[in-house]
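Residues per chain, in single letters:
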Amino acid sequence: MVKTKKKNRIDFSECQFCGGLPLSKTHIWPKWLAGAIEPKPYHIVKRTDRSGNGTNKFFEKVNNDLFSVQPRISCQSCNSGWMNKIEKEVLEFIFPFIGGTWPEEISYENSRALSRWLSLICINAELSSTLWTTIPQFHRKMIMEGSSVPNHWSISIAKTSGDIWKRQRSYENYPQKIHFNQSLSIHGKQRIFFDHTQITTLGIGGIFAQIVTSPDLEIISRHVNMSGRARLISLHPNAAGKSISLKNVVTLSDLQIDFFTQRKPWFLDYIKTQISYSGYMSIRNSDCKE
Ligand SMILES: [Zn+2]
């Protein structure tokens, strides 16, 4: 794999899923989404760069429509084959979610399809980022081969009401090693840093989605657990192949989404999370524009 960095562009010499050729332009966001969400001549990407000693969080304005971003990530046969199939599967049920009129539950099959689709967006967004990649190749292969999303992923969704997240299809990517200067206690164990943990937050119309990938399953289970407490819907992992009730899903304003995209992962410190989360929830009514 040869990766050349050129400002906002990354060139690959082979398909990042199967290794094949020829490469084709890959839509990170499918074209059909452009019809479902208000188009915009630019998009804003919020990034956190942890490659240096400090932590640099920044917004990057990219002067094209998000739907026109087509890096050459995958080969023609991946693109028109299994990737296309993943998109087709969600097309059958996704539009009410994007429009904010969610059904009362999502079937196991649809939750699985949605998880795979969100994972694919996350993987492609990461590959097209100029920052480092942390998702291992065998995870990409699992998605390609039609398996479930790997165990080392947690995918949670909620409704959004905020203008920014609804219209800009923003995504926040943390494609870096997450380092902590101070130690954190999880289940009584001291941890100094988490290697190769990635948090990706997507806004897709009425859908807020947060995808966490980590080699450390405790981080994954913490995200699942805390998502439940925050009334996000945990799509993956989904035990026992059951349908998932969506009745109690929270509707998040832009300000509340700030809480879920804060620099230090919101789901790691339970006490602090409880306090700051309550703070965000209390301003909810005045902030919601629905
Ligand atoms: Zn391929």
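1. Points about the overall build of the chain
Right, so step 1: The secondary structure content of the chain amounts to 10 helices and 16 strands.
Right, so step 2: Relative to its 290 residues, the chain shows a buried fraction of 39%.
Right, so step 3: Here the analysis covers contacts within the chain between residues at least 6 apart in sequence; of these, 75% occur between residues at least 24 apart.

2. A few points about the environment of Gln-137
Right, so step 1: Mapped onto the fold, Gln-137 is located in helix α5 (residues 137-144).
Right, so step 2: Judged by C-beta crowding, with 12 C-beta atoms within 10 Å, Gln-137 ranks as exposed.
Right, so step 3: Residues Gln-137 and Phe-17 lie 120 residues apart in sequence; the distance between their C-alpha atoms is 7.4 Å.

3. Remarks on the pairing of strand β12 (residues 198-204)
Right, so step 1: A large share of β12 lies buried, amounting to 7 of its 7 residues.
Right, so step 2: Burial along β12 is two-sided: the residues Gln-198, Thr-200, Leu-202 and Ile-204 and Ile-199, Thr-201 and Gly-203 are all buried.
Right, so step 3: Pairing of β12 with strand β13 (residues 207-213), which is carried by 7 bridges, proceeds in the antiparallel orientation. In the sheet register, Gly-203 faces β13, and the bridge partner there is Phe-208.
Right, so step 4: The turn linking β12 back onto β13 is made up of 2 residues, and Gly-205 within it adopts a positive phi angle of 55°.

4. Remarks on unusual backbone geometry
Right, so step 1: Here the residue pair Leu-21 and Pro-22 is connected by a cis peptide bond, since its omega of -5° sits within 30 degrees of zero.
Right, so step 2: Assignment of secondary structure puts Pro-22 in the loop between β2 (9-12) and β3 (23-25).
Right, so step 3: Here His-236 and Pro-237 are connected by a cis peptide whose omega angle stands at 0°.
Right, so step 4: Looking at where Pro-237 falls in the secondary structure, it is placed in the loop between β14 (233-236) and β15 (244-245).
Right, so step 5: In this structure, Arg-231 is a non-glycine residue whose phi angle is positive, near 60°.
Right, so step 6: By the secondary structure assignment, Arg-231 is in the loop between α7 (217-229) and β14.

5. Some remarks on the packing of helix α2 (residues 76-91) against helix α4 (residues 108-128)
Right, so step 1: Direction vectors running N to C along α2 and α4 enclose 130°, while the axes themselves pass 9 Å from each other. It follows from the interaxial angle that α2 and α4 lie oblique. Crossing hand, α2 versus α4: left-handed. Along its contact with α2, which presents Met-83, Ile-86, Glu-87, Glu-89 and Val-90, the element α4 presents Ala-113, Leu-114, Arg-116, Trp-117 and Leu-120.

6. Side note on the nonpolar core
Right, so step 1: Within the largest apolar cluster, 56 residues are counted, with the highest numbers of intra-cluster contacts made by Trp-117, Leu-118, Ile-121, Ile-157, Phe-208 and Ala-209.
Right, so step 2: In terms of residue count, α4 provides more of this core than any other element does, 10 residues in total.
Right, so step 3: Leaving out residues up to four positions away in the same chain, Ile-121 has contacts with Ile-28, Trp-29 and Leu-202.

7. Some remarks on the confidence of the model for the chain
Right, so step 1: In this model, the chain carries a mean pLDDT of 77, and residues with pLDDT of at least 70 account for 67%.
Right, so step 2: Here strand β10 (residues 178-186) stands out as the least confident element of the chain, with mean pLDDT 39; strand β7 (residues 105-106) is the most confident, with 97.
Right, so step 3: Every residue in residues 1-9 scores below 50 in pLDDT, and together they form 11 contacts with partners more than four places removed in sequence or on other chains.
Right, so step 4: Across residues 174-193 the pLDDT falls below 50, and counting only partners more than four positions away or on other chains, this stretch makes 39 contacts in the model.

8. Some details on α2
Right, so step 1: For α2, spanning 16 residues, the distance from its first C-alpha to its last is 21 Å, which sits close to the expected 22 Å at 1.5 Å a residue.
Right, so step 2: Approximately 40° is the largest bend angle found in α2, and it occurs at Asn-84.
Right, so step 3: Residues Cys-78, Met-83, Ile-86 and Val-90 constitute the buried set of α2.
Right, so step 4: The inward-facing, buried residues of α2 abut β6 (72-75), α4 and α5.

9. Overview of the environment of Ser-80
Right, so step 1: As for its position among the elements, Ser-80 is in helix α2.
Right, so step 2: Sequence separation between Ser-80 and Thr-26 is 54 residues, and the spatial gap between their C-alpha atoms is 9.9 Å.

10. Brief notes about the environment of Ala-239
Right, so step 1: With respect to the helices, strands and loops of the structure, Ala-239 is situated in the loop between β14 and β15.
Right, so step 2: With 6 C-beta atoms packed within 10 Å, Ala-239 lands in the exposed category.
Right, so step 3: Measuring from C-alpha to C-alpha, the distance between Ala-239 and Tyr-108 comes to 9.7 Å, with 131 residues separating the pair along the chain.

11. Regarding α5
Right, so step 1: Three or more residues of α5 are buried, namely Arg-140, Ile-143 and Met-144. In a view along the axis of α5, the buried residues occupy a sector of 100°, so they form one face of it.
Right, so step 2: Close packing links the buried residues of α5 with α2 and α4.
Right, so step 3: Looking one or two residues past α5, Gly-146 carries a phi angle of roughly 85°, positive in sign.

Reading the values: the criteria
Residues numbered from 1 in each chain as written. Predicted model: local features only at pLDDT ≥ 70, side-chain atom pairs only at ≥ 80, totals over all residues. Helix = DSSP H or I, 4+ residues; strand = E, 2+ residues; numbered from the N terminus. Buried ≥ 20, exposed ≤ 12 C-beta atoms within 10 Å, placed from the backbone. Contact = placed C-beta atoms within 7 Å. Pairing = 2+ DSSP bridges. Axes fitted to C-alpha atoms, helices over the stretch in contact; angles between N-to-C directions. Parallel < 35°, antiparallel > 145°, perpendicular 65-115°, else oblique. Left-handed = near helix turned anticlockwise from the far one by under 90°. Core = buried A, V, L, I, M, F, W, Y, C linked by C-beta atoms within 7 Å. pLDDT = per-residue confidence, 0-100. Expected span 1.5 Å × (residues − 1). Bend = angle between axes of the 7 residues up to and from the residue. Arc of directions from axis to C-beta.

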